[in-house]
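# Structural characterization, general
Okay, here's what each chain looks like letter by letter:
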Amino acid sequence: MQKEVSPQSEYVETLNVLVGPEEQLFTVHKDAICHKSPFFAAACSTQWAEHQDGTVRLQFVEPNTFKLYIHWVYTAQLDISIIELPFYEKLETQPQKHPAWEATCLRIHKASLLCKTYVAADVLLDRHLKNEVIDQLLGLSTYPLDAVSEDYVNYIWSNTHVNSGIRRCIADYLAPTTSARDAKVLSREALVDLVARLIELRDYPDLAYLPGFSDRCKYHEHVEGEKRCTP
Ligand SMILES: [Zn+2]
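Predicted model, so just to flag it, every value in this text is computed and none were measured.

### Looking at the overall build of the protein chain
When you go through the protein chain residue by residue, the secondary structure sums to 11 helices and 3 strands. Secondary structure elements in the protein chain, listed N-terminal to C-terminal, are β-β-α-α-α-β-α-α-α-α-α-α-α-α. Going through the 231 residues of the protein chain one by one, you find that 30% of them count as buried. Taking the contacts inside the protein chain whose residues are at least 6 apart along the sequence as the reference set, 62% of them involve residues at least 24 apart.

Structure (structure tokens):
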């Protein structure tokens, strides 16, 4: 795993990043972000910079997700607790507030933030962050992927590339668990992968399992020769 900020970081030059459709402005140190993200490294290349005004636009990334990314760039930690949880106030006024229900809401919220972070990491070409998202998603609970709602399953299939780690992970979970009723709200693309996995399980039922933290490396992206995280 890549953990450190570049030892060559001088923290002198900065870059403006306009994030989301409302173009919220973030300013980051060029060397720090380019060390983590090949997308930014390309964006800061001489050839590209000649045609730009020192500003990068990320229209399809949400400001909260980019905040997580900046924190990751400077600390090598993906800490979703730095994002305020929008439903906390509502929870406190709910008469039926119950610790188990609250924990479920929290898990669903964390899973949605992690899905958005995976998509952002895909755009920014940061495979280390994608691997970290997989780890945190699989570490959410005993059945972590039940916290990924159908909306977020469709979001993942609309915004990631074919055969991405998170798609394979979710398909492995959904194939043995999803009901016909829940499957009806999945997008066509997600259903195709789900059916492919079901056919595989029909022929090889021993392959059925629910992904957990110990399986995480199956869904990671590693370069050739890199040490795997799990045996
Ligand atoms: Zn791994």
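### Let's talk about the pairing of strand 2 (residues 24-29)
The pairing of strand 1 (residues 14-19) with strand 2 spans 6 bridges and is antiparallel. If you follow Asn 16 over to strand 2, its bridge partner there is Thr 27. Between the antiparallel neighbours strand 1 and strand 2 lie 4 residues, among them Gly 20 with a positive phi of about 80 degrees.

### Notes on the sheet that holds strand 1
Two modes of strand pairing occur in sheets, parallel and antiparallel, and in both the strands are linked by backbone hydrogen bonds. Strand order in the open sheet made by the 3 strands is 2-1-3, with mixed pairing throughout. Since the sheet does not close on itself, it has two edges, and those belong to strand 2 and strand 3 (55-58), each with one partner. If you compare each strand with its neighbour and ignore which way they point, the axes differ by 30 degrees on average. Sheet analysis places strand 1 next to strand 3, joined by 4 bridges and oriented parallel. The partner of Leu 18 across the bridge, within strand 3, is Arg 57.

### A look at the packing of helix 8 (residues 150-159) against helix 9 (residues 165-177)
The geometry of helix 8 relative to helix 9 is characterised by a closest axis approach of 10 Å and an angle of 145 degrees between their N-to-C directions. Where helix 8 crosses over helix 9, the two elements pack in a sense that is left-handed. For the pair formed by helix 8 and helix 9, the contact residues are Val 153, Ile 156 and Trp 157 on the first element and Ile 166, Arg 167 and Ile 170 on the second. Residue classes in the contact of helix 8 with helix 9 are distributed as 5 nonpolar, no polar and 1 charged.

### Remarks on unusual backbone geometry
Apart from glycine, the bulk of residues carry a negative phi angle, and the bulk of peptide bonds sit in the trans form. Despite not being glycine, Leu 125 has its phi angle at roughly 60 degrees, a positive value. If you check the backbone angles, Asn 163 has positive phi at about 70 degrees while not being a glycine. Assignment of secondary structure puts Asn 163 in the loop between helix 8 and helix 9. Given 9 C-beta atoms within a 10 Å radius, Asn 163 is considered exposed.

### Quick notes on the nonpolar core
Of all hydrophobic cores here, the largest spans 46 residues; its most connected members are Val 133 and Ile 170. Counting only domains with at least three residues in this core, you end up with domain 1 (12-59) and domain 2 (77-219).

Definitions and cut-offs
Residues numbered from 1 in each chain as written. Predicted model: local features only at pLDDT ≥ 70, side-chain atom pairs only at ≥ 80, totals over all residues. Helix = DSSP H or I, 4+ residues; strand = E, 2+ residues; numbered from the N terminus. Buried ≥ 20, exposed ≤ 12 C-beta atoms within 10 Å, placed from the backbone. Contact = placed C-beta atoms within 7 Å. Pairing = 2+ DSSP bridges. Axes fitted to C-alpha atoms, helices over the stretch in contact; angles between N-to-C directions. Left-handed = near helix turned anticlockwise from the far one by under 90°. Nonpolar A, V, L, I, M, F, W, Y, C, P; charged D, E, K, R; others polar. Core = buried A, V, L, I, M, F, W, Y, C linked by C-beta atoms within 7 Å. Domains from an automatic or database assignment.

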